[in-house]
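Listed below are the residues making up each chain.
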Amino acid sequence: GENVEQHPSTLSVQEGDSAVIKCTYSDSASNYFPWYKQELGKGPQLIIDIRSNVGEKKDQRIAVTLNKTAKHFSLHITETQPEDSAVYFCAASIDTGGFKTIFGAGTRLFVKA
Amino acid sequence: GAVVSQHPSWVICKSGTSVKIECRSLDFQATTMFWYRQFPKQSLMLMATSNEGSKATYEQGVEKDKFLINHASLTLSTLTVTSAHPEDSSFYICRPRPTSGQETQYFGPGTRLLVL
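Source: prediction; values computed, not measured. (Residues numbered from 1 in each chain as written. Chains lettered and ligands numbered in written order. Predicted model: local features only at pLDDT ≥ 70, side-chain atom pairs only at ≥ 80, totals over all residues. Heavy atoms only, no water.)

### Here's the deal with the packing of aromatic side chains
All names here are of chain B.
Then, number 1: For the structure shown, the criterion picks out 12 aromatic pairs over all chains.
Then, number 2: Each ring, one from Phe67 and one from Tyr92, has its centre 6.4 Å from the other, and the planes form 40°; the classification is tilted. Linking Phe67 in strand E7 (residues 67-73) with Tyr92 in strand E9 (residues 90-98), this pair joins segments that are 25 residues apart in sequence. For the pair formed by Phe67 and Tyr92, the shared burial category is buried. (Phe/Tyr/Trp six-rings, centres within 6.5 Å; stacked < 30°, edge-to-face > 60°. Helix = DSSP H or I, 4+ residues; strand = E, 2+ residues; numbered from the N terminus. Buried < 20%, exposed > 50% of the residue type's maximum accessible area, 1.4 Å probe, protein only.)

### Let's talk about the state of the cysteines
Then, number 1: Tallied over the full model, the rule gives two disulfides over all chains.
Then, number 2: The partner cysteine of Cys23 of chain A in its disulfide is Cys90 of chain A, sulfur to sulfur 2.0 Å. Disulfide Cys23 of chain A-Cys90 of chain A: torsion about the S-S bond near -100°, hence left-handed. Of this pair, Cys23 of chain A sits in strand E3 (residues 19-25) while Cys90 of chain A sits in strand E9 (residues 86-92), and the two are 67 residues apart along the sequence.
Then, number 3: Cys90 of chain A sits in the buried class, given a relative accessible area of 0%.
Then, number 4: One disulfide in the model links Cys23 of chain B with Cys94 of chain B; its S-S distance is 2.0 Å. A torsion of 75° about the S-S bond marks the disulfide between Cys23 of chain B and Cys94 of chain B as right-handed. With Cys23 of chain B in strand E3 (residues 19-25) and Cys94 of chain B in strand E9, this residue pair connects regions lying 71 residues apart in the sequence. Taken as a pair, Cys23 of chain B and Cys94 of chain B share a single burial class, namely buried. (Disulfide = S-S within 2.5 Å.)

### A few points about the pattern of salt bridges
Residues and elements named next belong to chain A.
Then, number 1: Scanning all chains against the criterion turns up seven salt bridges over all chains.
Then, number 2: A salt bridge links Glu39 to Lys37, with the nearest nitrogen and oxygen atoms 3.7 Å apart.
Then, number 3: Since its relative accessible area comes to 28%, Glu39 is described here as partly exposed.
Then, number 4: On the basis of relative accessible area, Lys37 is assigned to the buried category, the value being 14%.
Then, number 5: A network of salt bridges, in which partner residues are shared, links Lys37, Glu39 and Lys42. (Salt bridge = Lys/Arg side-chain N within 4 Å of Asp/Glu carboxyl O.)

### Observations concerning a nonpolar patch on the surface
Residues and elements named next belong to chain B.
Then, number 1: Together, Trp10, Ile12, Leu114 and Leu116 give the surface a local cluster of nonpolar side chains, amounting to about 460 Å² of exposed area.
Then, number 2: On the secondary structure map, Leu116 appears in the segment after strand E10 (111-115).
Then, number 3: A relative accessible area of 59% means that Leu116 is categorised as exposed. (Patch = residues over 30% accessible without salt bridge, like charges linked within 9 Å, V, L, I, M, F, W, Y side chains within 5 Å. Areas by Shrake-Rupley, 256 points an atom, 1.4 Å probe, with all protein chains shown as cover.)

### Structural notes on the layout of surface pockets
Then, number 1: Taken as a whole, the largest pocket encloses approximately 440 Å³ of empty space.
Then, number 2: Gln38, Leu40, Val87 and Arg108 of chain A together with Lys41 of chain B are the residues nearest the centre of the largest pocket, which is lined by 22 residues in total.
Then, number 3: For the lining of the largest pocket, the elements supplying multiple residues, two or more each, are E9 and strand E11 (107-112) of chain A.
Then, number 4: Within the lining of the largest pocket, the residues separate by chemical class into eight nonpolar, nine polar and five charged. (1 Å grid on protein atoms, 1.4 Å probe; cavity = no way out; pocket = protein on both sides within 12 Å on 5 of 7 lines; lining within 4 Å. Points joined across faces, edges and corners; volume = space filled by probe spheres on them. Nonpolar A, V, L, I, M, F, W, Y, C, P; charged D, E, K, R; others polar.)

### Thoughts on the interface of chain B and chain A
Then, number 1: Tallying the contact residues gives 19 residues for chain B and 20 residues for chain A.
Then, number 2: A combined buried area of about 1,500 Å² lies between chain B and chain A, and 53% of that area is made up of carbon and sulfur atoms.
Then, number 3: The largest contributions to the chain B side of the interface with chain A come from Ser43, Glu103 and Phe107 of chain B, which together make up 30% of the buried area.
Then, number 4: Along the contact surface separating chain B from chain A lie zero salt bridges.
Then, number 5: The interface formed by chain B and chain A includes seven residue pairs in polar contact (both at pLDDT 80 or more).
Then, number 6: Going through the elements one at a time, strand E4 (30-38) and E9 of chain B are the ones with two or more residues in the side of chain B that touches chain A. (Contact = heavy atoms within 4.5 Å. Buried area = accessible area lost by both parts, 1.4 Å probe. Polar contact = N/O pair within 3.5 Å; in protein donor to acceptor, adjacent residues only side chain to side chain.)

Set out below in structure tokens:
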């Protein structure tokens, strides 16, 4: 079946450094790629998303890149802060409506002060 | 403020009892509700998709008689875990899809269920 692979599963960085999380999807029909941040004991929160007609999107310290040919997309967090510590999930979907959304396994990010 | 609420936020129950989890969309109407289950250190797994006023569609491997979903209004959906067992202990999260066609971007805060 369709799947999304996410790497690494755990990432530890020093405060101020950058963090990069990578995902690969299999369904070529996917055209919407959201990223979620989940803090302990809470529901996921959308932090950034990208559609297939765009190669890169940036929002302050967070950026996402998409290579549709290679079916890769990545999350980049610059100038990391301790409050960035959380689990991050990538996802791939055929649209923004939530149907057929496939989630990655998650990356646990630790930002050391 | 929160746009999606879940109640209760956590619950502990004895094996064999039933637990009802409510999910409300506070700022918008939702024709469709997605219900997910998340085990510790794992990703979100879709359990079922419900539409207001009709029966839910369950994912493969999810027992519809065990996980009863009611989507009686455009702002409220409930998930009832019937005859709960320890293996049902998990984090249950709802995700309402706005009727307006806006992006489905909000998840509920989750309900942690512990079955003893």
